[in-house]
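# Observations on the model geometry
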Amino acid sequence: MNIETLPTSWFSFFKTQMAESYFASLRSFVEEEYEKGVCYPPKEQILHAFRVCPLEEVRVVILGQDPYHGPGQANGLSFSVNDGVKFPPSLRNIFKELESDLDVPIPISGNLERWAQQGVLLLNAVLTVQQAKAGSHKRKGWEILTDAVIEHINTECENVVFLLWGGDAQKKGRKVDTDKHLVLTSGHPSPLSANRGYWFGNECFSQTNAYLKSVGKKEINW
């Protein structure tokens with residue numbers, strides 16, 4: 001994991017985390033996994049969410065679980081896929097809700113870097129995964145790091161919108177200070193949740209922009 005290319009704000013945070021006892025074993029685990037088999041995202045994109053969204057620019061946090069585990073999908077941003085890749089079901093449902101909520105046409109590309117560049121931190125709880133094995137890198141230390149990321153944003157930033165989709169995300173974000181930030185919860189956009197009525201109609205995108213506008217921040221061009 002190369003932190004040298006991170007923005008200064010995240011570089012300082014990661015330097016602090018590297019001094020923690022869990023980080024050395026996490027780093028060793030990731031190195032070994034990438035050496036012995038195919039893992040996602042590509043090694044150089046593991047920290048891509050932080051590279052394209054500096055701490056001081058974070059306006060929204062969208063929390064996912066772990067990266068897509070199919071070839072060519074994961075690019076280091078939660079729920080995002082590379083240009084030209086078919087939309088996974090969760091991403092398609094995200095776009096459907098966006099279309100319903102803000103009348104934004106479903107885009108051609110599922111690459112969400114355009115969101116990240118506007119201050120949307122697309123964070124997964126676990127930042128790597130073995131090919132074709134969802135959840136294979138859970139409980140190896142990533143959760144400790146990403147808990148620290150959320151706590152750091154909670155402490156250092158003001159008026160951030162946390163979009164917590166599904167039970168896992170809601171548990172992970174339960175320590176966010178709701179006096180300082182807006183927390184919006186809903187079901188997960190996966191078909192299992194969405195088709196049971198827990199996702200569609202949550203209007204999280206319009207609520208996010210309304211809040212950002214109310215606190216004098218620029219709205220997201222979703």
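All of the points below concern the structure found in this document. What you see is a predicted model, and the numbers here were worked out from it, not measured in a lab.

Moving on: the overall build of the chain. Helix and strand counts for the chain stand at nine helices and six strands. Relative to the 2.2 N^0.38 estimate, which gives 17 Å for 222 residues, the radius of gyration of the chain is 17 Å and therefore close to what a compact globule would have. Once the C-alpha set of the chain is aligned to its principal axes, its extents read approximately 45 × 35 × 30 Å. Residue burial in the chain is summarised as follows: out of 222 residues, 53% are buried. If you take every contact in the chain between residues at least 6 apart in sequence, the share linking residues at least 24 apart comes to 65%. Accessible surface, the chain as shown: approximately 10,400 Å² in total, 49% of it carbon and sulfur. Of the side-chain charges in the chain, 23 are positive and 26 negative, and the distance between the mean point of each set is 5 Å.

What follows deals with the packing of aromatic side chains. Within this structure, the stated rule accounts for twelve aromatic pairs. Look at Phe14 and Phe50: their rings are 5.1 Å apart centre to centre, the planes differ by 80 degrees, and that puts the pair in the edge-to-face class. Of this pair, Phe14 sits in helix α1 (residues 8-18) while Phe50 sits in helix α3 (residues 48-52); the two residues are 36 residues apart in sequence, bridging distant segments of the chain. We note that Phe14, like Phe50, is buried. Ring geometry for Phe87 versus Phe95: centroids 5.1 Å apart, planes at 65 degrees, classification edge-to-face.

This part is about helix α2 (residues 21-36). Every buried residue of α2 is accounted for by Tyr22, Phe23, Leu26, Phe29, Val30, Glu33 and Tyr34. When α2 is viewed along its axis, its buried side chains cluster within an angular range of 130 degrees and face the same direction. Exposed side chains of α2 directed beyond 90 degrees from the buried face belong to Ser21, Glu35 and Lys36. Of the surrounding secondary structure, the elements contacted by the buried residues of α2 are α1, β1 (39-40), β4 (129-130) and α6 (142-156).

Right, let's get into the environment of Ser214. Its place among the elements puts Ser214 in helix α9 (residues 204-214). For Ser214, a relative accessible area of 56% corresponds to the exposed category. Separated by 96 residues in sequence, Ser214 and Gln118 have C-alpha atoms that sit 17 Å apart.

Our next topic: unusual backbone geometry. Here the residue pair Tyr40 and Pro41 is connected by a cis peptide bond, since its omega of -5 degrees sits within 30 degrees of zero. In this fold, Pro41 is placed in the loop between β1 and α3. The backbone of Asp103 sits at a positive phi, close to 60 degrees, despite the residue not being glycine. Of note, Asp103 is situated in the loop between α4 (89-102) and α5 (113-116). Located in the positive-phi region is Asn159, a residue other than glycine, with phi close to 55 degrees. Counting through the fold element by element, Asn159 comes out in the loop between α6 and β5 (161-165).

Right, let's get into α4. In this model, α4 (14 residues) spans 20 Å end to end at C-alpha, consistent with the 20 Å of a helix rising 1.5 Å per residue. When we look at burial in α4, the residues that qualify are Ser90, Leu91, Asn93, Ile94, Phe95, Glu97, Leu98 and Asp101. Packing partners of the buried residues in α4 comprise α5, β5, α8 (191-194) and α9. One or two steps after α4, the chain reaches Asp103, where phi turns positive at roughly 60 degrees.

This part takes up the packing of α1 against α2. Put simply, α1 and α2 touch, their axes get as near as 7 Å, and they point 95 degrees apart. Classified by the angle their axes make, α1 and α2 are roughly perpendicular. Between α1 and α2, the contacting residues are Phe14, Gln17 and Met18 on the first element and Tyr22, Phe23 and Arg27 on the second. Residue composition of the contact of α1 with α2, grouped by class: four nonpolar, one polar and one charged.

This brings us to the environment of Ala49. Note that Ala49 resides in helix α3. Here Ala49 falls in the buried class, since its relative accessible area comes to 5%. Contact partners of Ala49, with chain neighbours within four places excluded, come to Gly76, Leu77, Leu121 and Leu122.

Criteria and thresholds
- Residues numbered from 1 in each chain as written.
- Predicted model: local features only at pLDDT ≥ 70, side-chain atom pairs only at ≥ 80, totals over all residues.
- Heavy atoms only, no water.
- Helix = DSSP H or I, 4+ residues; strand = E, 2+ residues; numbered from the N terminus.
- Rg over C-alpha atoms; globule rule 2.2 N^0.38 Å.
- Buried < 20%, exposed > 50% of the residue type's maximum accessible area, 1.4 Å probe, protein only.
- Contact = heavy atoms within 4.5 Å.
- Areas by Shrake-Rupley, 256 points an atom, 1.4 Å probe, with all protein chains shown as cover.
- Lys, Arg positive; Asp, Glu negative; His and termini not counted.
- Charge placed at Lys NZ, Arg CZ, Asp CG, Glu CD.
- Phe/Tyr/Trp six-rings, centres within 6.5 Å; stacked < 30°, edge-to-face > 60°.
- Arc of directions from axis to C-beta.
- Expected span 1.5 Å × (residues − 1).
- Axes fitted to C-alpha atoms, helices over the stretch in contact; angles between N-to-C directions.
- Parallel < 35°, antiparallel > 145°, perpendicular 65-115°, else oblique.
- Nonpolar A, V, L, I, M, F, W, Y, C, P; charged D, E, K, R; others polar.

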